[in-house]
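Residue-level listing of the chains:
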Amino acid sequence: MADSPTSSVGPSSLAHHKAVKVMLVFVHGFKGNDSTFAQFPQRLQNMLSESSPEYTFESIVFPAYETKGNLPEAVVKFSDWLTSLTVEKEAETGLGSGSVQIVLCGHSMGGLLVVDTLLEFEQSRINATDPLWPRIIGIIAYDTPYYGLHPHVFKNSANKAAEHLNAAKTVGSALLGSFAGFGAKKAADGENNSAGAITAPPGTPPPSATTSKWGTAAFALGGALIAGATAGGAYWKKDDLNIGYSWFTDHMKYVGNLWEEEAMKARMDNLRRVMESDKILFRNYYTFIPATPPAFFQPRTFVLLPKPEEAPLERYFVKSQNHLATDELAAHTGMFSGGTNGGFYELGLNSAKTIRAMLDIKSGEFSKASS
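Residues numbered from 1 in each chain as written. Predicted model: local features only at pLDDT ≥ 70, side-chain atom pairs only at ≥ 80, totals over all residues. Heavy atoms only, no water.

A closer look at the overall build of the chain
- Secondary structure summary: the chain contains 12 helices and 7 strands in total.
- By the burial criterion, 50% of the 371 residues in the chain qualify as buried.
- Considering only intrachain contacts with a sequence separation of at least 6, the fraction spanning at least 24 residues in the chain is 79%.
- Surface accessibility of the chain: about 16,800 Å² in total, with carbon and sulfur atoms responsible for 54%. (Helix = DSSP H or I, 4+ residues; strand = E, 2+ residues; numbered from the N terminus. Buried < 20%, exposed > 50% of the residue type's maximum accessible area, 1.4 Å probe, protein only. Contact = heavy atoms within 4.5 Å. Areas by Shrake-Rupley, 256 points an atom, 1.4 Å probe, with all protein chains shown as cover.)

This is the structure we're talking about:
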């Protein structure tokens, strides 16, 4: 990761330098792409520009990246990209280091990436008392499973997938058939599959030696992960389904971060520490589907919420209600459209209020330092 640049405003005086530009940096999650956020970043930029004309706002979407391998590798790439972008934008202001404030916005596993990036910058400071650079003032996560995925996501979505896969004998066989490219087929000619169904891609190759590898991988991953992967049809593009065993295992390594309970707890403990030391504001807007008896007597969420022992962080997890979504995955992947999220406009307003609060905190620090 690059060091802070030398400029007219040195790192030691960052806290005394009022920023004039605010970058809203959006990062997609597992198997997302540049269109994950649709028009949401631009709408948020316009909203903030009208309500806070003293700042110049710019929404930037981190280019689509491969969600595979180890998460730390993605953190290094994103950190380098953000460092270069910050230097460029600060040069444009003519005011040097600290003239650009940054709000990191991550959807799904993108929320893990932006928190880890913040911690990387915080830990790379030469002196612990030096102001943070790049000047990250806050993090907004959208349905990020910081404590893991809710178990019901596997059950509800896998059951739904099974309804559309009459050819699949079990959830496991559906997974193997889809990803190895030799199992599930349409139940009947001319039948329309739903958008969430997992089916074999066209031009399915015949079974090969890869079959044994897929079987080994499936059993090694365990039933819960198999169900979760099967449920995640919305994550995988159909064109990717027949790439093969190495593609599957490489991407499972990335999403496997969601099962590292100790690492997830350590991440949140460190985030809380940095929130206090550097006055960083954090919010995680999680999807919330109200109860719909008799089918569902309890509300549903995509993410697990903090446990009682993590109570100090619970207030930073904010409900984003969606009465349009049929299941947790639909709510998760359809967060950024008014057609799939009944709480879309409220989500935008709440995001703008959170960013405004971030700016007020930093403005107050500047005023205190200048007095």
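Notes on the nonpolar core
- Counting 47 residues, the largest nonpolar core has Phe 78, Leu 104, Tyr 146 and Phe 282 as its most contacted members.
- Not counting residues up to four positions away in its chain, the partners in contact with Tyr 146 are Gly 111, Leu 112, Val 115, Ile 139, Ala 141, Met 264, Arg 267, Met 268, Phe 282, Asn 284 and Phe 317.
- Listed in part, the 24 residues of the second largest apolar core include Leu 48, Ile 137, Leu 281 and Ala 352. (Core = buried A, V, L, I, M, F, W, Y, C linked by side-chain atoms within 4.5 Å.)

Re the packing of aromatic side chains
- Applying the stated criterion across every chain, the model contains 18 aromatic pairs.
- Plain terms: the ring middles of Phe 26 and Phe 40 are 6.4 Å apart, the flat faces sit at 85° to each other, and that makes the pair edge-to-face. Of this pair, Phe 26 sits in strand β1 (residues 21-27) while Phe 40 sits in helix α1 (residues 40-51), placing them 14 residues apart in sequence.
- Accessibility expressed as a relative area gives 0% for Phe 26, which makes it buried.
- Relative to Phe 282, the ring of Tyr 146 has its centre 5.5 Å away and its plane inclined at 75°; by these criteria the two rings are edge-to-face. A residue pair is termed long-range when its members are at least 10 positions apart, and Tyr 146 in the loop between β4 (135-142) and α4 (151-163) and Phe 282 in strand β5 (residues 281-289) qualify at 136 residues.
- A residue is classified by how much of its surface remains accessible, and Phe 282, at 0% relative accessible area, is buried.
- An aromatic cluster is defined as three or more aromatic residues linked by ring pairs; in this entry it consists of Phe 26, Phe 37, Phe 40, Tyr 142, Tyr 285, Phe 336, Phe 344 and Tyr 345.
- A cation sits over an aromatic face here: Arg 300 above Phe 296, 3.6 Å from the ring centre.
- The aromatic ring of Phe 288 is capped on one face by Lys 319, whose charged end is 4.3 Å from the ring centroid. (Phe/Tyr/Trp six-rings, centres within 6.5 Å; stacked < 30°, edge-to-face > 60°. Lys NZ or Arg CZ within 6 Å of the ring centre and 35° of its normal.)

Side note on the pairing of strand β3 (residues 100-107)
- Along β3, 8 of the 8 residues are buried, which leaves the element largely enclosed by surrounding structure.
- Going residue by residue along β3, you find Val 100, Ile 102, Leu 104 and Gly 106 tucked away on one face and Gln 101, Val 103, Cys 105 and His 107 tucked away on the opposite face as well.
- Sheet analysis places β1 next to β3, joined by 7 bridges and oriented parallel. Bridged to Val 25 within β3 is Leu 104.
- For β3 and β4, the ladder comprises 7 bridges, and the chain directions are parallel. Residue pairing in the sheet places Gln 101 in a bridge with Arg 135 of β4.
- Once the chain exits β3 it traverses helix α3 (residues 110-123) before rejoining the sheet at β4, and the crossover so formed is right-handed. (Pairing = 2+ DSSP bridges. Right-handed = clockwise from strand over helix to strand, strands pointing away.)

Let's talk about the side chain of Ser 320
- For Ser 320, the position within the fold is in strand β7 (residues 317-321).
- Dropping the residues within four chain positions of it, Ser 320 is found in contact with Tyr 285, Tyr 286, Thr 287, Phe 288, Met 335 and Leu 347.

Structural notes on unusual backbone geometry
- In this structure, Pro 134 follows Trp 133 across a cis peptide bond, with omega equal to -10°.
- Turning to its location among the elements, Pro 134 is positioned in the loop between α3 and β4.
- Across the junction of Pro 293 and Pro 294, the peptide omega takes the value 5°, indicating a cis bond.
- Within the secondary structure, Pro 294 is located in the loop between β5 and β6 (300-301).
- Phi at Ser 108 is positive, roughly 55°, even though this residue is not glycine.
- Inspection of the secondary structure assignment puts Ser 108 in the loop between β3 and α3.
- On the basis of relative accessible area, Ser 108 is assigned to the buried category, the value being 3%.
- Of note, Asp 143 is a non-glycine position whose phi angle comes to about 55°, a positive value.
- The exposure class assigned to Asp 143 is buried, which follows from its relative accessible area of 0%.

Observations concerning the confidence of the model for the chain
- For the chain, per-residue confidence averages 75 on the pLDDT scale, and residues scoring 70 or more make up 64% of the total.
- Mean pLDDT across the secondary structure elements of the chain bottoms out at helix α5 (residues 171-180), with 40, and peaks at β5, with 98.
- Counting interchain partners and residues more than four positions distant, the pLDDT-below-50 stretch residues 2-17 has 34 contacts.
- For residues 164-245, every residue scores under 50 in pLDDT, and the model assigns this stretch 95 contacts once sequence neighbours within four places are set aside. (pLDDT = per-residue confidence, 0-100.)

Points about the packing of α3 against helix α9 (residues 261-278)
- Relative to each other, α3 and α9 sit at 55°, their axes nearing to 10 Å. Of the possible angle classes, the one that applies to α3 and α9 is oblique. For the crossing formed where α3 meets α9, the hand is left-handed. Across the interface between the two elements, Leu 112, Val 115, Asp 116, Leu 118, Leu 119, Glu 122 and Gln 123 from α3 touch Arg 267, Asn 270, Leu 271, Arg 273, Val 274 and Asp 278 from α9.
- Of the residues in the contact of α3 with α9, the class split is 6 nonpolar, 2 polar and 5 charged. (Axes fitted to C-alpha atoms, helices over the stretch in contact; angles between N-to-C directions. Parallel < 35°, antiparallel > 145°, perpendicular 65-115°, else oblique. Left-handed = near helix turned anticlockwise from the far one by under 90°. Nonpolar A, V, L, I, M, F, W, Y, C, P; charged D, E, K, R; others polar.)

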